[in-house]
Amino acid sequence: MTATVEHRPAQLAPPAVVLREVGKTFGTGPDAVTALRDIKLTVRAGEFVCLIGASGCGKSTLLNVVAGLEEPTTGEVDLRTARPSFMFQESALLPWLTAGRNVELPLQLSGVGRRERRERAESLLSLVRLDGQGRKRPHELSGGMRQRVSLARAFATEPRVLFLDEPFGALDALTRDTLQQDLAQLCAGRERPVTTVMITNSVEEAILLSDRIVPIVTGPPASLGSPIVVELERPRTLAQLAHDEQATHARAHVVAALTASMQRRPRTSSTGAPTALSAAEPAVSGKPA
Ligand SMILES: Nc1ncnc2c1ncn2[C@@H]1O[C@H](COP(=O)(O)OP(=O)(O)O)[C@@H](O)[C@H]1O
Ligand SMILES: [Mg+2]
């Protein structure tokens, strides 16, 4: 379970999540807020996609729609993979259960016997550097440790698809760095690569973890900009990326896309036509030319 597997190139894998012209409007009449418009996205099996954008731009709305937690107002979401798992900014652990029992819970709910689920929880807690902490309750753990428990819980059922909404957004920078690298290791250590859609506001996090980074063009309504492909083997480390030429190029492209998105922000036409970057724009490779 911990061996690094050969990842099939994402472009050869079948689509796992497909969004067709997805839009989301909250409310009706003059108070209606159109949070998303014309979102087209295909995530292939085993691919790790980061959706990156500024605070309030519609990231959580987009993830909730992608994950099937919210219905889109227009368009279609085609989720072609089973066994989803979730992780959010707040750890959402049950406070009356120990860390170990929190990790065991999804296994218990899927009928795994007591002994097996206990062993799996222990092994997962060890992978997220929480050896010997399984008997503690959430209030006895730091914020970073609670997110480690959430990470272990997210992997407990060997998910085929992971939906992550800024899971490390509330952590201090150093804790965040180690958790990101643990996530990279956990994703790479599966028997089958897990399809992952992650929301982030961190360029470094996106480059560390993903095969493809899709900038969210700030609205409202938000739309998607041209994806940036990071063609480096996963798992990566922050140390490796610090001086890597492709990472440097990917970083520059992402920052340029986000800056352009912020500058385009106020331009909504009176007809309501999208003024943001078109989702059909071709992907940019992080590879130096
Ligand atoms: N349930 C809701 N009802 C009304 N408006 C909402 C709702 N959820 C989100 N919004 C609006 O949609 C926009 C995007 O919000 P959100 O997706 O939470 O942004 P982010 O996660 O990027 O911070 C915001 O303008 C927010 O006020
Ligand atoms: Mg959010």
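Refer to the preceding data block for the structure.
Residues numbered from 1 in each chain as written. Chains lettered and ligands numbered in written order. Predicted model: local features only at pLDDT ≥ 70, side-chain atom pairs only at ≥ 80, totals over all residues.

### Quick word on the overall build of the protein chain
Link 1 in the chain: Across its full length, the protein chain carries eight helices and eleven strands.
Link 2 in the chain: Among the 289 residues that make up the protein chain, the fraction classed as buried is 41%.
Link 3 in the chain: For the protein chain, the share of sequence-separated contacts (at least 6 apart) that also reach a separation of at least 24 residues comes to 76%. (Helix = DSSP H or I, 4+ residues; strand = E, 2+ residues; numbered from the N terminus. Buried ≥ 20, exposed ≤ 12 C-beta atoms within 10 Å, placed from the backbone. Contact = placed C-beta atoms within 7 Å.)

### Remarks on the packing of helix α4 (residues 143-155) against helix α5 (residues 173-188)
Link 1 in the chain: Where α4 contacts α5, the axes come no closer than 11 Å and their chain directions differ by 10°. Here α5 runs roughly parallel to α4, going by the angle between their axes. Side by side, α4 and α5 meet where G144, Q147, R148, L151 and F155 of the first sit next to T175, L179, D182, L183 and L186 of the second. (Axes fitted to C-alpha atoms, helices over the stretch in contact; angles between N-to-C directions. Parallel < 35°, antiparallel > 145°, perpendicular 65-115°, else oblique.)

### Description of the site of ligand 1
Link 1 in the chain: Taken together, 13 residues surround ligand 1, and among them F26, A35, K59, S60 and T61 come closest.
Link 2 in the chain: Of all elements in the fold, only β2 (33-44) and α1 (59-66) reach the threshold of two or more residues within the shell around ligand 1.
Link 3 in the chain: Looking at the shell around ligand 1 element by element, the count peaks at three residues for α1. (Near = placed C-beta within 6 Å.)

### Regarding the environment of F86
Link 1 in the chain: Structurally, the position occupied by F86 is in strand β5 (residues 84-87).
Link 2 in the chain: Here F86 falls in the partly exposed class, since 19 other C-beta atoms lie within 10 Å of it.

### What to know about α4
Link 1 in the chain: The terminal C-alpha atoms of α4, which comprises 13 residues, lie 19 Å apart, in line with the 18 Å expected from a rise of 1.5 Å per residue.
Link 2 in the chain: Taken across its 13 residues, α4 has ten buried, putting it largely inside the fold.
Link 3 in the chain: Buried within α4 we find R146, Q147, R148, V149, S150, L151, A152, R153, A154 and F155.
Link 4 in the chain: Buried residues along α4 sit against β5, α2 (99-109), α3 (114-127), β6 (161-165) and α5. (Expected span 1.5 Å × (residues − 1).)

By themselves, these observations are geometric and do not establish any function.
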